[in-house]
Amino acid sequence: MAEQVYFEDVNEGDSIPELRKNCSTQQLVVWAAASGDFYQIHYDQEFAQKTGLDTIIVHGALKNAFLGQLLHDWVAPAGAITEFGCQYRGMDRPNQDIVCGGVVTKKYAQDGQHIVELDVWTENPSGQRTTPGTAKVVLPSRG
Amino acid sequence: MAESVITDEMRTAIGVESAPSTLEVTTVGCRLFARAVGHTDLIFYDEAAARERGYRGIVAPPGFLGTPVYQPGGRDPEAMGPRYKIPYKRILNGGTSYQHFEPVVAGDVITSRSHITEFREREGTMGAMLITYRETVYTREDGAVVAKMYGNIINY
């Protein structure tokens, strides 16, 4: 894990280190068990095609959880994620890169906390942001 | 835009709180969730690593608020909230957003309650769709609200 990021190190417009994912179908099955989302479009090709999809697709909530990891790895060990989420705008397929990224949109101190707001997203191999979202984290200050 | 599918029955469902669900945050559940995502921080896997960092136990990864207690025969239908008919067959998760107020750790037992906040309709590339917005509040046994989730489901 990288060194601790402090509030003072961060500027609006900064990109945070990206996180690269590529889901095997096996990972989708592990996620189904972990999340309790057993909807068949995520592991049963025939079922997925009957609903009009080309093939099985990555769970939206898994991509959201990837954004959780992106943020956690950036703020840990001393920072904390207070808000994160995204809209599921586009579908991602297994065995394709999903690149998670983020950019700082705002930083401020409030009630003694050092808060950083970000835009976050996952991007598919065509460069489309399939899950645009936002996040709020608290970082330690060098005080 | 096609005729609205939002009925009076659906409108009366807005704001009606579901029956509570119990979610258990276990060591196994935290590890499985962390593994499924690909987390590498040991606080999600190892008790000693988590305690060394000041947590009460193995930490629930971001977005994990426990595993609903399973009952054979299905959940109490009341826990799913009010039932109404929607004229669409297909369903997608439209988005999820979490607010985390306090760390959740293995051993916590959480009660969740949710309600619909809004219905919206849109004409998309996939045809007419109904978007249902829901808010879920997660409360620990000592009464502390540890998280909230804002989600939307798309029927089309």
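Let me sum up the structure you'll find in this document.

Criteria and cut-off values
- Throughout this description, residue numbers start from 1 for each chain and increase along the sequence as written.
- Naming scheme: in the order in which they are written, chains are lettered from A and ligands are numbered from 1.
- Confidence filtering applies because this is a predicted model: local features only for residues at pLDDT of at least 70, side-chain atom pairs given and counted only at 80 or more, and all residues used for totals across whole chains, interfaces and linings.
- Only heavy atoms go into the side-chain values, all of them from the structure, while hydrogens and water stay out.
- We count a salt bridge whenever a side-chain nitrogen from Lys or Arg sits within 4 Å of a carboxyl oxygen from Asp or Glu.
- Elements are defined by DSSP. Helices are runs of H or I of four residues or more, strands are runs of E of two residues or more, and each kind is numbered from the N terminus.
- Throughout this description, buried means an accessible area under 20% of the type-specific maximum (1.4 Å probe, protein chains only), exposed means over 50%, and partly exposed covers the range between.
- Pairs were defined over the aromatic rings of Phe, Tyr and Trp, the Trp ring being its six-membered one, requiring ring centres within 6.5 Å. Orientation was assigned from the angle between planes: stacked under 30 degrees, edge-to-face over 60, tilted for the rest.
- Here, a charge over a ring is recorded when the distance from Lys NZ or Arg CZ to the ring centre is within 6 Å and its angle to the ring normal is within 35 degrees.

What to know about the pattern of salt bridges
Right, on to step 1. As enumerated under the stated definition, the model contains 17 salt bridges over all chains in all.
Right, on to step 2. Where Arg142(A) meets Asp9(A), a salt bridge forms, and the shortest distance between an N and an O atom there is 2.9 Å. On the criterion of sequence distance, the pair formed by Arg142(A) in the segment after strand 5 (133-138) and Asp9(A) in the segment before strand 1 (19-22) is long-range, its members being 133 residues apart.
Right, on to step 3. For Arg142(A), a relative accessible area of 53% translates into the label exposed.
Right, on to step 4. When the shortest N-O distance is used, the salt bridge between Arg51(B) and Glu47(B) registers 2.8 Å.

Structural notes on the packing of aromatic side chains
Right, on to step 1. A complete count under the given rule lists 5 aromatic pairs over all chains for this structure.
Right, on to step 2. With centroids separated by 4.9 Å and ring planes inclined at 35°, the aromatic side chains of Phe33(B) and Phe64(B) adopt a geometry described as tilted. With Phe33(B) in helix 2 (residues 27-37) and Phe64(B) in the loop between helix 3 (47-52) and strand 2 (67-68), this pair connects stretches of sequence that are 31 residues apart.
Right, on to step 3. Of the residues examined, Phe33(B) reaches a relative accessible area of 5% and is grouped as buried.
Right, on to step 4. A connected cluster of aromatic rings, assembled from ring pairs, spans Trp31(A), Phe33(B) and Phe64(B).
Right, on to step 5. Across the ring face of Tyr108(A), the terminal group of Lys106(A) is positioned such that the distance to the ring centre comes to 5.3 Å.
Right, on to step 6. The residue whose ring lies beneath Arg129(A) is Trp121(A), and the NZ or CZ to ring-centre distance is 3.5 Å.

Purely spatial values, then, with no claim about function.
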